[in-house]
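# Architecture and fold: a report
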Amino acid sequence: MKNMKQTIFNLISLIIGLNSIQIASASQTVQIVPADGTIQHRVELEQGWSKEVRQLFWFTSQGSRIIPYSWFMWLEQADNNNLFRSVDHMEMLRYLPMSSSEKNPAGLPIGFALDQDKKSGEAWVGLTCAACHTNQIDYKGTRMLIEGAPTLANFVKFFGELVNALDKTNNDKEKFTRFARKVLGNEYSEVHANELHKELAETTFRLTQRRTVNDLPLDYPADFTSYGRLDAFGNIQNAASVFALHDLTNNNAPSAPVSYPFLWGTHQSDVVQWNGSAPNTPIIGPLVRNIGEVVGVFGDLDMRKASWWRQELFHQKVEYSATVNMHNLGKLELWVKQLRSPDWSDKNINLPPVDMVKSDKGRDIYKELCASCHKVIPKDQQSNKYKAEMTPLAEVGTDPAMAENADHHMARTLILEGTKSSILFGDKFAATAPAIELAVNGVIGLVLKDPIKAIEAGLIPELDSSAKSFDQQALKDSLEKHLKDFKSSESSIKELVEKHIQDRKVAKKLAYKARPLNGIWATAPYLHNGSVPNLWELLKKPEDRITEFWVGSREFDPVNVGFDISKGLSKFSVYKAGTKTIMPGNSNRGHHYGTDLTDDDKRLLIEYMKTL
């Protein structure tokens, strides 16, 4: 009971502070400077968020740390003297620069968040959900900001250029001197500059290792991952098997890049991820999947052999640590829960009006051919839970690489050998195991390390709508309702973790998830691996679909429903260079549903999908 009361007290304090993030103290030491360049005006759609929530979602840290914030503020690009964070450079990488503010002191792009180390006070820059799940769509001069949409950003290019910039700064005397004088400011001296140079060399070496570990085999094209795609599972696997376990040879190539999923409806689904491998088990499920995501984007998961006294007293063989901010993950999940799909007819944008006569006819086609997998969720019912349809790989016929890699990539277990795969549950690890199970083990280790904090974080998105008023009594009542069955935080978190593990076993099968298509018009390119540029191409017979097209353009094509593929920043190709052999990971085959329709009926179906 004491634990419950303390948890309730902690949560009330947390939720009352939902309109602020841990940056107030940081802003006292972090210099606020203007964005380096002109920020484009973007129109915001009605998606269930206030301006305040948008800002919070964009810049609330989830614990990701790439480099110190002051470094990122003044780092120059490798081959010129322009700032790395310049608006033009970030736009080229297809991130979304924003103006400077208290929450965004250096005018960084959406999703580049400040995270402050509690011990040292040093501020770091890292990624948060919005970096990968916010997009801009342009149409006839109007720039539309779509919350929760899959980004077109090129993370691999961003990280590669960041490492190159750090390396050049480390080795170029003039470049380093400019960097040091700006970073150190009034504290610049030869001694401090030498200390900074040492830190820069160490960080550059560490990040270079990360880039090397995640390199693709030499026979893969340089732009294989490119704009709008990333092998998130591969990065998460390597974060655990390589860096958390301290073995640079224990990696797997992240060779199955996929489009970033759209976020609306994520919290309401019973499972998430393209392969449905992450169940949304109440309380603990969203927290576990979000911690896993942070692990993949510089959350610094670390697994080490426990000290002798921990082994003797608590029978604890492995210690877990990370920079993950669980409470902020709970807040981010709450905001995702409130997010709604974008509406083609939103009053703030100027897309061509939907032909409702054609749309009504298309609705009948959708009900017959599509609705059995892709449920129709009325716009006023998007808060309702739903069960996703899982379609076996053999049936859907789309590229199998993501699902196969997620299940079949293996790694050495090292210090985890002989421990239970889920710490408290499951079989003991052998010398090798599926790489994703090592990441799951690390995530569960973090949850069990601080069960009270985990329950607090897991309950934040479960609050009743009455909690939005931030009334203390309403909050208390809501939290007591959710906590009434909890005898103690420690025992309850173990039960929740065990339930989540059982849910994962049930979900484990080679299949892809079919979800409701609300807002599908704003999420091109299509199929899970982004191999089909627009809805019109998707409805063609697989063998007739276009096999090469430009990616990176933001200009919208309202007729075919996708982006302009006649121009862009990189080319996507289904085939290996100079051959007619499909590149593993890039297949545009499968998903034959609706491909036998006449062209006229396909247009009717597309017209209806604009209204979803």
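Since the structure is predicted, the reported quantities are computational estimates derived from the model, not experimental observations.

In this section: the pattern of salt bridges. Taken as a whole, this structure holds 23 salt bridges when the rule is applied. Between Arg-504 and Glu-437 there is a salt bridge; the shortest N-O distance is 3.4 Å. Of this pair, Arg-504 sits in helix H20 (residues 489-507) while Glu-437 sits in helix H17 (residues 435-449), placing them 67 residues apart in sequence. Note on Glu-437: relative accessible area 13%, which makes it buried.

Along the chain, Ala-256 falls in the loop between helix H10 (232-244) and strand S8 (258-259). Sequence-wise, Ala-256 and Asn-586 are 330 residues apart; in three dimensions their C-alpha atoms are separated by 8.2 Å. Once residues within four sequence positions are removed from consideration, Ala-256 is found in contact with Asp-231, Ala-401, Met-402 and Asn-405.

Let us now look at the sheet that holds strand S4 (residues 123-127). On the basis of which strands lie adjacent, the open sheet formed by 3 strands has the order S2-S4-S3 and antiparallel pairing. Bordering the open sheet on either side are strand S2 (67-68) and strand S3 (112-116), each of which pairs with just one other strand. When S3 meets S4, the two strands line up antiparallel, connected through 5 bridges. Note on S4: the bridge partner recorded for Leu-114 is Val-125.

Moving on, we get to the sheet that holds strand S5 (residues 134-139). Pairing between sheet strands relies on hydrogen bonds along the backbone, with the strands arranged either parallel or antiparallel. An order of S1-S6-S5 is seen for the 3 strands of this open sheet, with the pairing classed as mixed. Of all the strands in the sheet, just strand S1 (43-44) and S5 have a single pairing partner and so form its edges. Bridge analysis of S1 against strand S6 (residues 142-147) gives 2 bridges, and the strand direction is parallel. Each bridged residue has a counterpart across the sheet, and for Glu-44 the counterpart in S6 is Leu-145.

In the contact formed by helix H13 (residues 326-338) and helix H18 (residues 451-459), the axes pass within 7 Å of each other and the chain directions differ by 15 degrees. In terms of orientation, H13 lies roughly parallel with respect to H18. As H13 runs across H18, the sense of the crossing is right-handed. Touching Met-326, His-327 and Gly-330 of H13 are Lys-453, Ala-454, Glu-456 and Ala-457, all from H18. Grouping the constituent residues of the contact of H13 with H18 by class yields 3 nonpolar, 2 polar and 2 charged.

Quick look at the nonpolar core now. With 109 residues, the main nonpolar core has Phe-57, Ile-291 and Trp-521 as its most contacted residues. Setting aside residues no more than four positions away along its own chain, Ile-291 makes contact with Val-324, Met-326, Leu-329, Val-443, Leu-446 and Val-447. Formed by 45 residues, the second largest nonpolar core is a distinct cluster that contains Val-33, Trp-71, Phe-155 and Leu-196.

All right, on to the packing of helix H7 (residues 155-171) against helix H9 (residues 190-213) then. Relative orientation of the contacting elements H7 and H9 amounts to 150 degrees, with a least axis distance of 9 Å. Comparing the axis directions of H7 and H9 gives the class roughly antiparallel. Crossing of H7 over H9 shows left-handed handedness. Across the interface between the two elements, Phe-159, Gly-160, Val-163, Asn-164, Leu-166, Asp-167, Thr-169 and Asn-170 of H7 pack against His-197, Leu-200, Ala-201, Thr-204, Leu-207, Thr-208, Arg-210 and Arg-211 of H9. For the contact of H7 with H9, the class distribution of residues is 6 nonpolar, 7 polar and 3 charged.

Omega for the bond connecting Ala-524 with Pro-525 falls within 30 degrees of zero, at 0 degrees, which places this linkage in the cis form. Along the chain, the position of Pro-525 falls in the loop between strand S16 (511-514) and helix H21 (535-538). We note that Gln-273 has phi near 80 degrees; this positive angle belongs to a residue other than glycine. Positioned with a positive phi, Val-561 is a non-glycine residue whose angle comes to about 60 degrees. Along the chain, the position of Val-561 falls in the loop between strand S18 (556-557) and strand S19 (562-563). Residue Val-561 is classed as buried on the basis of its relative accessible area, which comes to 0%.

In this fold, Tyr-139 is placed in strand S5. In this structure the C-alpha to C-alpha distance between Tyr-139 and Asn-350, which are 211 residues apart in sequence, comes to 7.9 Å.

This brings us to a negative patch on the surface. Among the surface-exposed residues, Glu-122, Glu-195, Glu-199 and Glu-202 lie close enough to one another that they form a single negatively charged patch. Summarising the element assignment, Glu-202 is placed in helix H9. Judged by relative accessible area, Glu-202 falls into the partly exposed class, the value being 47%.

The tally for this structure, following the rule as stated, stands at 21 aromatic pairs. Residues Trp-521 and Phe-556 carry aromatic rings whose centres are separated by 6.0 Å and whose planes lie at 70 degrees to one another, so their mutual orientation is edge-to-face. On the criterion of sequence distance, the pair formed by Trp-521 in the loop between S16 and H21 and Phe-556 in strand S18 is long-range, its members being 35 residues apart. For the pair shown, Trp-521 and Phe-556 are each scored as buried. Sitting over the face of the ring of Trp-536, Arg-603 holds its NZ or CZ atom 3.8 Å from the ring centroid.

Relative to the assigned elements, Ser-421 resides in the loop between strand S14 (410-412) and strand S15 (432-434). Leave out the neighbours within four places in its chain, and Ser-421 touches Gly-426, Asp-427, Phe-429 and Asn-441.

Glancing now at H7. Taking 1.5 Å per residue as the helical rise, H7 with its 17 residues ought to reach 24 Å, and the 24 Å between its terminal C-alpha atoms agrees with that figure. Those residues of H7 that sit buried are Phe-155, Phe-158, Phe-159, Gly-160, Leu-162, Val-163, Ala-165, Leu-166, Thr-169 and Asn-170.

Let's shift gears to the pairing of S4. The buried count for S4 comes to 5 of 5 residues, which makes it a mostly enclosed element. The pairing of S2 with S4 spans 2 bridges and is antiparallel. Paired with Pro-68 across the strands is Trp-124, a residue of S4. In textbook terms, the turn of a hairpin is the stretch between consecutive antiparallel strands, and for S3 and S4 this stretch comprises 6 residues, one of which, Gly-121, has a positive phi near 80 degrees.

On to the side chain of Thr-413. The residue Thr-413 is located in the loop between S14 and S15 in this model. Here Thr-413 falls in the buried class, since its relative accessible area comes to 0%. A polar side-chain atom of Thr-413 sits 2.6 Å from the main-chain carbonyl oxygen of Ala-430. Contact partners of Thr-413, with chain neighbours within four places excluded, come to Leu-245, Phe-429, Ala-430, Ala-431, Thr-432, Ala-433 and Leu-438.

Thresholds, definitions, all that
All residue numbers here refer to positions counted from 1 along the written sequence of the relevant chain. Selection of residues for local features in this predicted model requires a pLDDT of at least 70, selection of side-chain atom pairs for listing and counting requires 80 or more, and totals for whole chains, interfaces and linings are taken over all residues. In computing side-chain values, all of the structure's heavy atoms are included and hydrogens and water are not. Salt bridge, as applied in this entry: a Lys or Arg side-chain nitrogen positioned within 4 Å of an Asp or Glu carboxyl oxygen. By definition, any uninterrupted DSSP run of H or I lasting at least four residues is a helix, any uninterrupted run of E lasting at least two residues is a strand, and each is numbered from the N terminus. Burial classification: accessible surface area is computed with a 1.4 Å probe over protein chains only, and a residue below 20% of its type maximum counts as buried, one above 50% as exposed, and the rest as partly exposed. Residue contacts are counted whenever heavy atoms from the two residues lie within 4.5 Å of one another. Any two strands are treated as partners once DSSP identifies two or more bridges connecting them. Lines fitted to C-alpha atoms define the axes, with helix axes restricted to the stretch in contact, and inter-axis angles between N-to-C directions lie between 0 and 180 degrees. Every angle not falling under 35 degrees, over 145, or within 65 to 115 is termed oblique; those three ranges are roughly parallel, roughly antiparallel and roughly perpendicular. Left-handed describes a crossing in which the near helix is turned anticlockwise from the far one by less than a right angle; the clockwise case is right-handed. Think of it as three bins: nonpolar holds Ala, Val, Leu, Ile, Met, Phe, Trp, Tyr, Cys and Pro, charged holds Asp, Glu, Lys and Arg, and polar takes everything else, Gly as well. By nonpolar core is meant a set of buried Ala, Val, Leu, Ile, Met, Phe, Trp, Tyr and Cys residues that side-chain atoms within 4.5 Å join together. Residues qualify for a patch when their relative accessible area is over 30% and they have no salt bridge, like charges being joined within 9 Å and the nonpolar side chains of Val, Leu, Ile, Met, Phe, Trp and Tyr within 5 Å. Where accessible areas are quoted, they stem from the Shrake-Rupley method and a 1.4 Å probe; at the residue level, only the protein chains shown are allowed to cover. Only four residue types enter the charge count, namely Lys and Arg as positive and Asp and Glu as negative; His and the chain termini do not. The atom standing in for a charge is NZ when the residue is Lys, CZ when it is Arg, CG when it is Asp and CD when it is Glu. Note on aromatic pairs: the rings of Phe, Tyr and Trp (six-membered ring only in Trp) are paired at centre separations within 6.5 Å, and the planes decide the class, stacked below 30 degrees, edge-to-face beyond 60, tilted for the rest. The criterion for a charge sitting over a ring is simple: Lys NZ or Arg CZ within 6 Å of the ring centre, and within 35 degrees of the ring normal. Multiplying 1.5 Å by the helix residue count minus one yields the expected span of that helix. In protein, a polar contact means a hydrogen-donor-capable atom and an acceptor-capable atom, both N or O and within 3.5 Å, with residues adjacent in sequence counting only if both atoms are side-chain atoms; elsewhere, any N or O pair within 3.5 Å suffices.

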